[in-house]
Amino acid sequence: MNQSVKAKSLQNRNLLKIKPLKWFLQSSLYPRIFQWAAVLVFAVIMVETLAGPTSAHDNFGTAATWVLWWPLLPLFFFLFGRFWCAVCPFAWVSDLTQKFFGAKRKVPNFLRKYGLWIIDIAFIFITWSDHVWGIVESPRGSGTLLLLILGGVMVTAMLFERRTWCRYLCFLGSLSGNYSRAGMLELRADKDTCKTCTTRDCFKGNTKTPGCPMFEFPMAMETNANCNLCGNCIKSCPHDSIRLTPRKPTSEFWSMTRAHFEESFLAIVIVGIVFVQNITMLDFYPSFLVWVERTLGIANQDIAFTILFIFAMTTPVLLLFAATAISRRFTGETLRNAFARFGYAVIPLDLASHMAHNLFHLLAEGKSIYYTFMGLFGTHLEGPTNFISDPTIQIMQYFLVIAGTLGSLYTAYRIAKKNYGVGKALSVSMPYLVVILLFGILNFLTFTVRMGMRM
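Overview of the structure. Computed from a predicted structure; not experimentally measured. (Residues numbered from 1 in each chain as written. Predicted model: local features only at pLDDT ≥ 70, side-chain atom pairs only at ≥ 80, totals over all residues. Heavy atoms only, no water.)

The next point concerns unusual backbone geometry. Peptide bonds are, in most cases, trans, and in most cases residues other than glycine have a negative phi. Here Tyr30 and Pro31 are connected by a cis peptide whose omega angle stands at -5 degrees. Within the element layout of this structure, Pro31 appears in the loop between α2 (19-26) and α3 (32-51). You will see that Arg200, though not glycine, has its phi angle at about 55 degrees, which is positive. Position of Arg200 among the secondary structure elements: in the loop between α11 (191-195) and α12 (201-204). According to the relative accessible area criterion, Arg200 is partly exposed, its value standing at 28%. Notably, Thr250 is not glycine yet its phi reads approximately 75 degrees, a positive angle. Examined against the element boundaries, Thr250 turns out to sit in the loop between β2 (242-246) and α14 (251-255). By relative accessible area, which is 8% here, Thr250 ends up buried. (Helix = DSSP H or I, 4+ residues; strand = E, 2+ residues; numbered from the N terminus. Buried < 20%, exposed > 50% of the residue type's maximum accessible area, 1.4 Å probe, protein only.)

The following block contains the structure:
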């Protein structure tokens, strides 16, 4: 399909041609109406986690965060990209802090260059500390984590321009950036129209609308990773160049021209992290951890878990490096470049496995949200927390993992086809297909065992 035909096809699917939707996105209501709702709920969650019941079973803040919000996030990323980032309370705090106290300095080159690595390390540390110190199971732990993030947001907002925290330091932003790449919605600009533009309002902003808070220029965008669908460019573009279109899931990975090693590294590490999260919530995990301690001669559970955690993270990385070493014999590419390109292929499986894991908490513990919410008003309720039966949840989990595995397999093949042609596609992608299939089978097996409750 030539570029003009492709552009016309995209324009025909442009959701901004729906006049009520375009009016809403260009109005001052968006995203403010969602943001205020999120800020209100966040305020209640902060008070509950820091001053409410000390038991997670009775704490609305814990239930709202880890049984509702966290499980729904991957689904939001898949359907709407980084829309959550547009309404995130931390983003609101950042904008407010910057408005009154911001020095608005340029982002240091160090953050621009190494921000993703800082995010990777922070994400790994937070996941590890949750299992060691029980942040999720502790309302005070959850509240302290939120306070630390809030402090980081405010400090960066006082020092630097735009949403520096969201772009370069937020561990959830990096996760959402990876997951939204596989999503079904994208915001882009018509490059032919943008070529004649002299204002660049979409990036710089104007007197009515700020510039892109995530430092993105719509004309040059080829990825959803750093677009939070805030609507600023839709409001400020003087040439009506912005389009919002549905797309095939995972299709972004096939067409991207720039692959980043640190993004692929995080994607591979998440394979191990999700696997650890599954294993640690299975009924046999405590006895398994005791066996590890005895086998390794370790008398400390935290050290035993740390060894398991490191093993679970490094194994997928090493397997993908091995696949890359085999595959590059057919391409002649450097190991780093090939790893970076194909690392994205595991993201569909990451996303599906994450959704499958959290599906249990949402559907098996979802009623706890209502029970703890009524507790805010002095009404104590007890009863079953599940919406549907465990076997039904397991079937849904199987479906998600299978779909994610197939999505990753297809993505790896399409990446090879796009970069090396039909003739080499299968031979280049085969090592990755084997590794991805192995990841998929291991994830599938973990969901054959019932998970433990959070609440």
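What follows continues from the structure just given.
Right, let's get into the pairing of β2. Counting buried residues in β2 gives four out of five residues, a clear majority hidden from the surface. One ladder, built from five bridges, connects strand β1 (residues 185-189) with β2; its direction is antiparallel. Within β2, the position partnered with Ala189 by the bridge is Ile242. (Pairing = 2+ DSSP bridges.)

Looking now at the packing of helix α15 (residues 261-279) against helix α19 (residues 347-365). Helices that pack against each other are described as a pair by the angle of their axes relative to one another and the distance between those axes. Between α15 and α19, the shortest axis-to-axis distance is 9 Å and the interhelical angle comes to 20 degrees. What the angle tells us is that α15 and α19 run roughly parallel. Crossing hand, α15 versus α19: left-handed. Here Ala267, Ile270, Val271, Val274, Gln277 and Asn278 of α15 lie close against α19, whose contacting residues are Ile347, Asp350, Ser353, His354 and His357. Residues that form the contact of α15 with α19 fall into these classes: five nonpolar, five polar and one charged. (Axes fitted to C-alpha atoms, helices over the stretch in contact; angles between N-to-C directions. Parallel < 35°, antiparallel > 145°, perpendicular 65-115°, else oblique. Left-handed = near helix turned anticlockwise from the far one by under 90°. Contact = heavy atoms within 4.5 Å. Nonpolar A, V, L, I, M, F, W, Y, C, P; charged D, E, K, R; others polar.)

In this section: the pattern of salt bridges. If you walk through the whole model with that rule in mind, you get 15 salt bridges. Here Glu161 ties to Lys106 by a salt bridge, and the two come within 4.0 Å at their closest N and O atoms. Placement of Glu161 in the loop between α8 (139-159) and α9 (164-169) and of Lys106 in the loop between α6 (89-101) and α7 (109-133) is noted, with a sequence separation of 55 residues between them. Between Arg450 and Asp390 there is a salt bridge, with the nearest N and O atoms lying 2.3 Å from each other. With Arg450 in the segment after α22 (422-446) and Asp390 in helix α21 (residues 390-420), this pair connects stretches of sequence that are 60 residues apart. The partly exposed category is assigned to Arg450, whose relative accessible area is 35%. Residue classification places Asp390 among the partly exposed residues on the basis of a relative accessible area of 24%. (Salt bridge = Lys/Arg side-chain N within 4 Å of Asp/Glu carboxyl O.)

To continue, consider the environment of Leu50. Along the polypeptide, Leu50 turns up in helix α3. Spatially, the C-alpha atoms of Leu50 and Asp283 are 30 Å apart, while their sequence positions differ by 233 residues.

All right, on to the side chain of Arg247 then. Here Arg247 shows up in the loop between β2 and α14. Judged by its relative accessible area of 11%, Arg247 falls in the buried class. A polar contact of 2.9 Å, which involves the side chain of Arg247, links it to the side chain of Glu252. Residues contacting Arg247, with those up to four places away along its chain left out, are Arg13, Ser180, Arg181, Gly183, Met184, Leu185, Glu186, Arg188, Asn224 and Glu252. (Polar contact = N/O pair within 3.5 Å; in protein donor to acceptor, adjacent residues only side chain to side chain.)

Tallied over the full model, the rule gives 36 aromatic pairs. Between Tyr30 and Phe83, the ring centres sit 6.4 Å apart and the planes meet at 15 degrees, which makes this aromatic pair stacked. Taken as a pair, Tyr30 in the loop between α2 and α3 and Phe83 in helix α5 (residues 83-87) lie far apart in primary sequence, 53 residues in all. Accessibility expressed as a relative area gives 7% for Tyr30, which makes it buried. (Phe/Tyr/Trp six-rings, centres within 6.5 Å; stacked < 30°, edge-to-face > 60°.)

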